[in-house]
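Chains, contacts and geometry: an overview
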Amino acid sequence: MGKTHYFVRAWKAYTEQFGGMMGFLLAEVCISLIALCPLLFLTDAALKAGALLFIVLFVLLVLPARQNAAAAMQNRMAGGKICTSLLIDPGMYLKKLLNGLKSAAVILLWSIPLIVILLIARNNISGDVDGFTVYRNIKSFGDDHLVRGVIFLALIAVSTLLLIALGCAFRSGARHAHALGRKDLLKGHHGGLLLARLISLISLIPLIISLAVAVSRYVPLLQDLDGTINGIMYGTLELPDTKVSLMIAGAGALLTLPLLPLGSLITAAYVNGLAGGEKE
């Protein structure tokens, strides 16, 4: 199945039941918010340990819900509705939970490089470290070139995030394969799955544009990196209004929210096609 075909199928499934898509999105958001509720304990120092319940609820609610969401999307790709009781179906709960835990474990493995880098960074900046020390460390990392050091650090950070993105892509495809009862469906098709996930980034265009606009406000600081570092060290740095940057990013996030189901449907359409769904 060509990439154009599964994108068209996803777009058709999304637009023909737009109201249902918003219901699907609302259900997913509500489940996530329920899991986030324990974080309210952080507002009281005496009860902050209760925030750990977030982990329990995330495992018990969100992980199985992700499998239910995949089943609902496959139901839509088969011509049914997206907003159905499948979203809260308790059937085979233990199996769904185990699949969710497996996904979490796999993504955690893909996250090891990032975790290691964060631990190294924490070890180098913890304690009484001033701006000059950070400046010197970055410059040293770039073989006595500050800009080169910043670029190297950025490349390492992006590389570790890409690894996590790969893990998420593979597990997303696996959820749809499980929903179709075809565990071996993705064998030999991981390249196509990654392409489908890449195409699904179209749903993030509003967010990407808003972040680009927000970041562009800080470009002058990057153009004079030495002056920026000196400003940080001596407390004379003047930054663009943070509230404006957050408003721009927030607007992009709000515009992106309704498009999220479309991104997921592109992966769903690809996997459904592998299982013998609607042919070209």
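Below: a short report on this structure. Everything quoted here is computed from the prediction, not taken from an experiment.

1. Here's the deal with the environment of Leu 61
Mapped onto the elements, Leu 61 comes out in helix 3 (residues 53–77). Residues Leu 61 and Leu 97 lie 36 residues apart in sequence; the distance between their C-alpha atoms is 8.6 Å. Excluding residues within four positions of it along the chain, Leu 61 makes contact with Ile 31 and Ile 34.

2. A look at the packing of helix 8 (residues 190–199) against helix 13 (residues 260–274)
Working note: a packed helix pair is described by the angle between its axes plus the distance between those axes. Closest axis-to-axis distance for the helix 8/helix 13 pair is 8 Å, and the angle between their directions is 155 degrees. The orientation of helix 8 with respect to helix 13, classified from their angle, is roughly antiparallel. Once helix 8 is placed against helix 13, the crossing between them reads as right-handed. Across the interface between the two elements, Gly 192, Leu 193, Ala 196, Arg 197 and Ile 199 of helix 8 pack against Ile 266, Thr 267, Tyr 270 and Val 271 of helix 13. Class assignment for the residues of the contact of helix 8 with helix 13 results in 6 nonpolar, 2 polar and 1 charged.

3. Considering the environment of Leu 36
Along the polypeptide, Leu 36 turns up in helix 2 (residues 18–36). On the basis of relative accessibility, which here comes to 35%, the residue Leu 36 falls in the partly exposed class. Along the primary structure Leu 36 and Leu 53 are separated by 17 residues, whereas in three dimensions their C-alpha atoms are 8.9 Å apart.

Rules and cut-offs
- Residues numbered from 1 in each chain as written.
- Predicted model: local features only at pLDDT ≥ 70, side-chain atom pairs only at ≥ 80, totals over all residues.
- Heavy atoms only, no water.
- Helix = DSSP H or I, 4+ residues; strand = E, 2+ residues; numbered from the N terminus.
- Contact = heavy atoms within 4.5 Å.
- Axes fitted to C-alpha atoms, helices over the stretch in contact; angles between N-to-C directions.
- Parallel < 35°, antiparallel > 145°, perpendicular 65-115°, else oblique.
- Left-handed = near helix turned anticlockwise from the far one by under 90°.
- Nonpolar A, V, L, I, M, F, W, Y, C, P; charged D, E, K, R; others polar.
- Buried < 20%, exposed > 50% of the residue type's maximum accessible area, 1.4 Å probe, protein only.

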